[in-house]
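# Coordinate inspection notes
These are the residues of each chain, in order.
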Amino acid sequence: MDEWKRVALSDESRFLIHHVDGRVRVRSLPGEQLLPSCTEGHIQAGGGGIMRLGMFSWAALGPVVVVEQTMKSANYLKIIADQLHPYMAFVFPTGNGIFQQDNAPCHKARIVLEWFEEHTDEFHLMSWPPN
């Protein structure tokens, strides 16, 4: 249990605004209506959505980041450098933290793994072999 208290995790989720048929599906109270600002935006082929990346650990919730573009290695690297790095320093100031990510292609990119290698004195990357 003590080892898991040293682990911080992150994951991305995409929330669809419209399904393929273009209908909006939102649970609401009787009489409630969506504000136009909730459904505006670029919709392609009936899609449309928003992606968020969040991080958390036993000790604290981390930031939730809106992913403006497709999650590619350069975008992911910017997020971990700008958001994960200060979060890990705050939650694990002695450098004993472990970061867990899944095996998404952008997480395994060479530039991302090299960045983690450069910061092993601050926190470690958990090995997470594919199933």
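Residues numbered from 1 in each chain as written. Predicted model: local features only at pLDDT ≥ 70, side-chain atom pairs only at ≥ 80, totals over all residues. Heavy atoms only, no water.

In the annotation of an unreviewed UniProt entry, the protein is listed under the name Transposable element Tc1 transposase and assigned to Araneus ventricosus.

## What to know about the overall build of the protein
What the protein contains, in helices and strands, is 3 helices and 5 strands. Ordered by position in the sequence, the α and β elements of the protein form the string β-α-β-β-α-β-α-β. When burial is assessed residue by residue, the protein has 31% of its 131 residues classed as buried. If you take every contact in the protein between residues at least 6 apart in sequence, the share linking residues at least 24 apart comes to 71%. Accessible surface, the protein as shown: approximately 9100 Å² in total, 56% of it carbon and sulfur. (Helix = DSSP H or I, 4+ residues; strand = E, 2+ residues; numbered from the N terminus. Buried < 20%, exposed > 50% of the residue type's maximum accessible area, 1.4 Å probe, protein only. Contact = heavy atoms within 4.5 Å. Areas by Shrake-Rupley, 256 points an atom, 1.4 Å probe, with all protein chains shown as cover.)

## Here's the deal with helix α2 (residues 73-91)
The largest bend along α2 measures about 35° and falls at Ile80. Structurally, α2 contributes buried residues whose contacts are with β1 (7-16), β2 (49-57), β3 (61-67), β4 (97-100), α3 (110-118) and β5 (123-125). (Bend = angle between axes of the 7 residues up to and from the residue.)

## Here's the deal with the packing of aromatic side chains
Think of a pair of aromatic rings as described by two things: how far the centres are apart, and how the planes are tilted against each other in angle. This model, assessed by the stated rule, comprises 4 aromatic pairs. When the ring of Trp115 is compared with that of Phe116, the centres are 5.3 Å apart and the planes differ by 85°; the resulting orientation is edge-to-face. With respect to burial, Trp115 and Phe116 carry one shared label: buried. Plain terms: the ring middles of Trp115 and Phe123 are 6.2 Å apart, the flat faces sit at 45° to each other, and that makes the pair tilted. Owing to a relative accessible area of 11%, Trp115 belongs among the buried residues under this scheme. An aromatic cluster of at least three residues, connected via ring pairs, comprises Phe99, Trp115, Phe116 and Phe123. (Phe/Tyr/Trp six-rings, centres within 6.5 Å; stacked < 30°, edge-to-face > 60°.)

## A short note on the packing of α2 against α3
The geometry of α2 relative to α3 is characterised by a closest axis approach of 9 Å and an angle of 25° between their N-to-C directions. On the basis of their axis angle, the class for α2 and α3 is roughly parallel. Facing α2, whose interface residues are Ser73, Ala74, Tyr76, Leu77, Ile80, Ala81, Leu84 and His85, α3 presents Ile111, Val112, Trp115 and Phe116. In terms of residue class, the contact of α2 with α3 is built from 10 nonpolar, 2 polar and no charged. (Axes fitted to C-alpha atoms, helices over the stretch in contact; angles between N-to-C directions. Parallel < 35°, antiparallel > 145°, perpendicular 65-115°, else oblique. Nonpolar A, V, L, I, M, F, W, Y, C, P; charged D, E, K, R; others polar.)

## Some points on the sheet that holds β2
Taken together, the 5 strands give an open sheet; going across it, the order is β3-β2-β1-β4-β5, and neighbouring strands pair in mixed fashion. One side of each edge strand has no neighbouring strand; the edge strands of this open sheet are β3 and β5. Averaged over neighbouring strand pairs, the angle between their axes works out to 25° when direction is ignored. Where β4 meets β5, 3 bridges bridge the pair, whose relative direction is parallel. Counted as the bridge partner of Ile98 is His124 from β5. (Pairing = 2+ DSSP bridges.)

## Brief notes about the pattern of salt bridges
In the structure shown here, the tally under the stated rule is 2 salt bridges. Of the charged contacts in the structure, one is a salt bridge between Lys78 and Asp82, with a shortest N-O distance of 2.6 Å. Within this pair, Lys78 and its partner Asp82 are both found in helix α2, separated by 4 residues, close to a single helical turn. In this structure, the salt-bridge partner of Arg110 is Glu114, at a minimum N-O distance of 3.5 Å. Here the residue Arg110 and the residue Glu114 both occupy positions in helix α3, the gap between them amounting to 4 residues, near one helical turn. Its relative accessible area of 57% is what places Arg110 among the exposed residues. (Salt bridge = Lys/Arg side-chain N within 4 Å of Asp/Glu carboxyl O.)

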